[in-house]
Amino acid sequence: MFNGIISIRNKNGEEKVKIERPGGSLSPIWSICWNPSREERNDILAVADWGQKVSFYQLSGKQIGKDRALNFDPCCISYFTKGEYILLGGSDKQVSLFTKDGVRLGTVGEQNSWVWTCQAKPDSNYVVVGCQDGTISFYQLIFSTVHGLYKDRYAYRDSMTDVIVQHLITEQKVRIKCKELVKKIAIYRNRLAIQLPEKILIYELYSEDLSDMHYRVKEKIIKKFECNLLVVCANHIILCQEKRLQCLSFSGVKEREWQMESLIRYIKVIGGPPGREGLLVGLKNGQILKIFVDNLFAIVLLKQATAVRCLDMSASRKKLAVVDENDTCLVYDIDTKELLFQEPNANSVAWNTQCEDMLCFSGGGYLNIKASTFPVHRQKLQGFVVGYNGSKIFCLHVFSISAVEVPQSAPMYQYLDRKLFKEAYQIACLGVTDTDWRELAMEALEGLDFETAKKAFIRVQDLRYLELISSIEERKKRGETNNDLFLADVFSYQGKFHEAAKLYKRSGHENLALEMYTDLCMFEYAKDFLGSGDPKETKMLITKQADWARNIKEPKAAVEMYISAGEHVKAIEICGDHGWVDMLIDIARKLDKAEREPLLLCATYLKKLDSPGYAAETYLKMGDLKSLVQLHVETQRWAEAFALGEKHPEFKDDIYVPYAQWLAENDRFEEAQKAFHKAGRQREAVQVLEQLTNNAVAESRFNDAAYYYWMLSMQCLDIAQADPAQKDTMLGKFYHFQRLAELYHGYHAIHRHTEDPFSVHRPETLFNISRFLLHSLPKDTPSGISKVKILFTLAKQSKALGAYRLARHAYDKLRGLYIPARFQKSIELGTLTIRAKPFHDSEELVPLCYRCSTNNPLLNNLGNVCINCRQPFIFSASSYDVLHLVEFYLEEGITDEEAISLIDLEVLRPKRDDRQLEIANNSSQILRLVETKDSIGDEDPFTAKLSFEQGGSEFVPVVVSRLVLRSMSRRDVLIKRWPPPLRWQYFRSLLPDASITMCPSCFQMFHSEDYELLVLQHGCCPYCRRCKDDPGP
């Protein structure tokens, strides 16, 4: 409004936003316009007032930036279609172009009166202007390209006031905002020069990094310059003004000036040391000069008849490419000034910076690449070529520049056609496909240029051909010079086998051709190169053919070929892999027994194929009994193995040890122990027994534990017999294990009595066992045996049988032990009730010594020996009664064999049977033993030997002479026939009518009736488990 206020309303006329401006009525608003751009985040309103300002506001009323001064009264304002530019006209009688931010760019056109309206044609650069005098003007705006290029960096103007620097390789971009109209741009290495209306800005990179894109201001030249072209060097800027070149330092001081004969059409920096760079200048009159910034004199390179449009110099600065006004590309040799070649239809040209002989030029919608003097390779491309680096061509199209990746295949193949492999390799390094690299490698290899071929194969990482080249190089070092042979190897690697064979034959190496064809399974061709019936070569060929048949899944044909070639091992392998048992045994039967390797392989496969009979036949043919034994063992054919072991005892260990291990794996440990023992592996046998014993004790199988300890003791006795060095140690273990076996055998009944609800033993037996164990237990109680159970059983049975004193003693002992909870109540009750019983034991329970007829107390501090004569008691292994036996010893000089012969003589003694009968009828076992020495001495010499010196504390054994032995009856004597190194033990029964049976295996004594009953129940000895049908030891 005229008062300077802006009112924004909706379509119904309702005011939504009111903007009050600082100028008020002094700044009446004459024109407003909305920015039509859809890329802006907010709606932007441009306001022109007669306070000679232009302002910008958001829809919310917030001002954007500051007011821009105009120095005239604006009458009209409008945006271009996309909102990038603003047109302003008014009292200054001209139309001006501004950026969308209000920066003045220039004048569109001047008029003779005030401009009241101006508009841009939609989507175009045409502008229409209406003036006060009624004139209408129509303008076309042309926005020229302002840019600069150096190698892979390209700088161009954007939005008229910004400069964008683009790295053509990495595609990185950086924007430099100048906020003024950018007139000229120049770039060189790490320098960037930007010409603005009133100054020139010099920028530099932050670092020397080739990929760095961070620029900073180095110098400012605050001065207005008018020039056609701008060039920047390391320390200078070059201004081109028609025919004149001026060199200025970065401080704005003019250092040098060159005046040319004609207009300058093209100028380019071609590099050089800092401060001494060279410039390439092309003139309209066709003259081409080279100028150094530190030299006042220009150097004329050459002069041609036509004007210069574009120039470039090769990497080595030996060749010059010129595009003239006739669109012709001309290439000169700088030294000789000779025209090397020319090509039509060119508007720009560039040499490859990495290859001396390659250039490209554009024109007519095509890109042309020329290598050396070869024909031009052409492909479609719009735009102007401005740079050529390696395989990348930088092309300017309209206002943008792009890097086009151009494979250098065409020029590479041009070099290959002329066998110029090294030059072709240099071209390929600029950028070709893997296929091109491989083609180059193959061509170089066939041309015997191994160095180039090696480099090319390294590129494609072909190790196979690299190995070939390496082998050829090694052969050349050793002095080989036959190129035909080398080329033949190359052809064979390339698959050109017939050509390779011809070369092998020409070079006199037919054997190599034969080997090649056989390796390729081309046997028909291989036969052409066989020698004069050489059997070795024929065999080799058949073998190779068999290998081929094997590989193509024709195994039967391969087997037949192998057999005909004498390669029995390979034939056997195929038969074995396919499970052909019949063919295997046929081969084995045809082979000679001296051919051990194939026979052994046959047997191995037959064994794997579950044909042990055929395998055994093969082993027998070889005479390999050890392998035959192993076969029987592995197949668990134990009967055949045992039969073979009987014929050949040297294989005893090889049979019985695996047999024992097999038994152990199948939980047949007792049999395994016997097998180990039979094999002579005493250590393993003992280990098995010890493990069995420990397991039995841990599982409370005390009967089994007793049996295993007895077996351990006998094992130790066998070791003592076999190894005198371990005799003392093993005998000690023998007695220890024998004692443990007796303890566990007795404790089994106690354990079952306390654990089971019912007992199979009579109270007297449990009473005897408890006393035996109590007297026999060592200081360290064996594992698994509970003193509590023994004392509890003893107390309970003593109380039941009338041995109250012993029961009271047992209960007292229990008080000092840890009592399990389940026995606690019974023991406490028994301890109380035993107090009501008499303090004595029943006389019927008192044990009698059959040597001295002494009644022994039930609780004997000396153990299981007589308190009077110290004679050890002999117990029944079932009822644990004291047996009527007395052990006697032989006099010195009497051998066991002599003693047996004397006892077997048995001199008849009258009335002996009557007296014995009389003693038996009287039912008193004491009568005979208490008879006077004189009365018995005449009848029984042994009885006289039972006497001893009273009061002695040492045990006096009964020692008999030959006379006494001769007087003994064989049926009254029991003999424990221990194997060496133990001596036999002799026992005399003092009550011959009370029959006693001794097990011939474990030598345990039993009442005959008890033993027979137990053997009937269990089928074996209850102690050593010897079956009744087994023969004696």
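Each chain carries its own residue numbering, running from 1 in the written order of its sequence. Thresholds applied to this predicted model are a pLDDT of at least 70 for local features of residues and 80 or more for the giving and counting of side-chain atom pairs; totals over whole chains, interfaces and linings are not thresholded and use all residues. Heavy atoms from the whole structure form the basis of all side-chain values; hydrogens and water molecules are not counted.

Segments assigned H or I by DSSP are reported as helices when at least four residues long, segments assigned E as strands when at least two residues long, and all are numbered from the N terminus. Broken down by element type, the protein chain carries 32 helices and 46 strands. The buried label applies to any residue whose accessible area, calculated with a 1.4 Å probe on protein chains only, is under 20% of its type's maximum; exposed applies above 50%, and partly exposed to all values in between. Residues counted as buried form 48% of the 1033 residues belonging to the protein chain. In the protein chain, 43% of the contacts between residues at least 6 apart in sequence involve partners at least 24 apart. Per element, the accessible surface of the protein chain, about 52,300 Å² overall, is 49% carbon and sulfur. For this analysis, residues touch if any pair of their heavy atoms sits within 4.5 Å. Each accessible area is a Shrake-Rupley estimate made with a 1.4 Å probe; only the visible protein chains count as cover when residues are assessed.

Let us now look at the pairing of strand β11 (residues 115-120). Strands qualify as paired when DSSP identifies two bridges or more between them. Strand direction decides the pairing type here: β11 and strand β12 (residues 126-131), joined by five bridges, are antiparallel. What sits directly across from Ala-120, in β12, is Val-127. The antiparallel hairpin formed by β11 and β12 contains five residues in its connecting segment, where Asp-123 sits at a positive phi of about 55 degrees.

Put simply, a disulfide is two cysteine sulfurs that come within 2.5 Å. Applying the stated criterion across every chain yields a total of zero disulfides. Unpaired in terms of disulfides, Cys-866 finds its nearest cysteine sulfur in Cys-852, a separation of 3.4 Å.

As a further point, take the sheet that holds strand β21 (residues 215-221). Where strands meet in a sheet, backbone hydrogen bonds hold them as pairs that are either parallel or antiparallel. One open sheet accounts for four strands, arranged β18-β19-β20-β21; its pairing is antiparallel. The sheet is open, and its two borders are formed by β18 (184-188) and β21, each paired with just one other strand. Within this sheet the neighbouring strands show an average axis-to-axis angle of 20 degrees, counted without direction. Only the stretch in contact is used when fitting a helix axis, every axis being a line fitted to C-alpha atoms; angles between N-to-C directions are given from 0 to 180 degrees.

Okay, the nonpolar core next. Residue types Ala, Val, Leu, Ile, Met, Phe, Trp, Tyr and Cys, when buried and joined through side-chain atoms within 4.5 Å, form a set referred to as a nonpolar core. By size, the foremost hydrophobic cluster in this structure holds 85 residues, and its most contacted members are Trp-710, Tyr-744, Phe-888, Phe-942, Val-960, Leu-965 and Met-1005. Ranked by the residues each element gives to this core, the list is headed by helix α21 (residues 702-722), at 14 residues. Excluding anything up to four places from it in sequence, Trp-710 contacts Gln-738, Ala-741, Ser-1001, Cys-1002, Tyr-1023 and Cys-1024.

We define a salt bridge as a side-chain nitrogen of Lys or Arg found within 4 Å of a carboxyl oxygen belonging to Asp or Glu. Using the criterion set out here, one finds 31 salt bridges in the structure. Residues Asp-462 and Arg-438 are paired through a salt bridge, measuring 2.7 Å at the closest nitrogen-oxygen approach. Note that Asp-462 is positioned in the loop between α4 (450-460) and α5 (463-477) and Arg-438 in helix α3 (residues 434-446), a separation of 24 residues in sequence. For Arg-438, a relative accessible area of 33% puts it in the partly exposed group. Via salt bridges that share partners, Arg-191, Glu-204, Arg-216 and Lys-218 belong to a single interconnected network.

The next point concerns helix α7 (residues 497-506). Three or four residues apart is the spacing at which side chains of an α-helix point the same way, because the helix has 3.6 residues per turn. Within the sequence span of α7, burial applies to Ala-500, Ala-501, Leu-503 and Tyr-504. The buried residues of α7 occupy an angular sector of 165 degrees when projected down its axis, which confines them to one face. Residues Lys-502, Lys-505 and Arg-506 are exposed on α7 and point more than 90 degrees away from its buried face. In this description, one arc is meant: the one made by directions from the helix axis to the C-beta atoms.

With that settled, consider unusual backbone geometry. That bond from Pro-980 to Pro-981 is cis: its omega, 10 degrees, falls within 30 degrees of zero. In this structure, Pro-981 sits in the loop between β43 (973-976) and β44 (985-989). Of note in the backbone geometry, Gln-52 takes a positive phi value of approximately 60 degrees without being a glycine. Positive phi values are uncommon outside glycine, yet Lys-337 reaches one of about 65 degrees. Looking at where Lys-337 falls in the secondary structure, it is placed in the loop between β32 (329-333) and β33 (338-343). Judged by relative accessible area, Lys-337 falls into the partly exposed class, the value being 43%.

Our focus in this paragraph is the packing of aromatic side chains. Here a pair means two rings of Phe, Tyr or Trp (six-membered ring of Trp) with centres within 6.5 Å. Their orientation is stacked below 30 degrees between planes, edge-to-face above 60, and tilted elsewhere. In the structure shown here, the tally under the stated rule is 27 aromatic pairs. Summarising the aromatic geometry, the rings of Phe-702 and Tyr-747 are spaced 4.9 Å apart at their centres and angled 85 degrees between planes, so their arrangement reads as edge-to-face. With a gap of 45 residues between them, Phe-702 in helix α21 and Tyr-747 in helix α22 (residues 727-755) connect regions that are remote in the sequence. Each member of the pair, Phe-702 together with Tyr-747, is buried. A cation sits over an aromatic face here: Arg-216 above Tyr-206, 4.9 Å from the ring centre. Two conditions define a charge located above a ring, namely a distance within 6 Å from the ring centre to NZ of Lys or CZ of Arg, and an angle within 35 degrees of the ring normal. Taking the ring centre of Tyr-366 as reference, the NZ or CZ of Arg-378 above it sits at 5.2 Å.

A separate point is the packing of helix α24 (residues 787-801) against helix α26 (residues 821-833). The interhelical angle for the contact between α24 and α26, taken along N-to-C directions, is 40 degrees, at an axis separation of 11 Å. Considering their axes alone, α24 and α26 lie oblique with respect to each other. Crossing angle aside, the handedness with which α24 passes α26 is left-handed. Of the residues in α26, those in contact with Val-788, Lys-789, Phe-792 and Lys-799 of α24 are Arg-822, Phe-823, Ser-826, Ile-827, Gly-830 and Thr-833. Polar here means any residue other than Ala, Val, Leu, Ile, Met, Phe, Trp, Tyr, Cys and Pro, which are nonpolar, and Asp, Glu, Lys and Arg, which are charged; Gly is therefore polar. Across the contact of α24 with α26, the residue classes break down as four nonpolar, three polar and three charged. Working definition: roughly parallel below 35 degrees, roughly antiparallel above 145 degrees, roughly perpendicular at 65 to 115 degrees, and oblique for all remaining angles. Crossing handedness is defined as follows: a turn of the near helix away from the far one that is anticlockwise and smaller than a right angle gives a left-handed crossing, while the clockwise case is right-handed.

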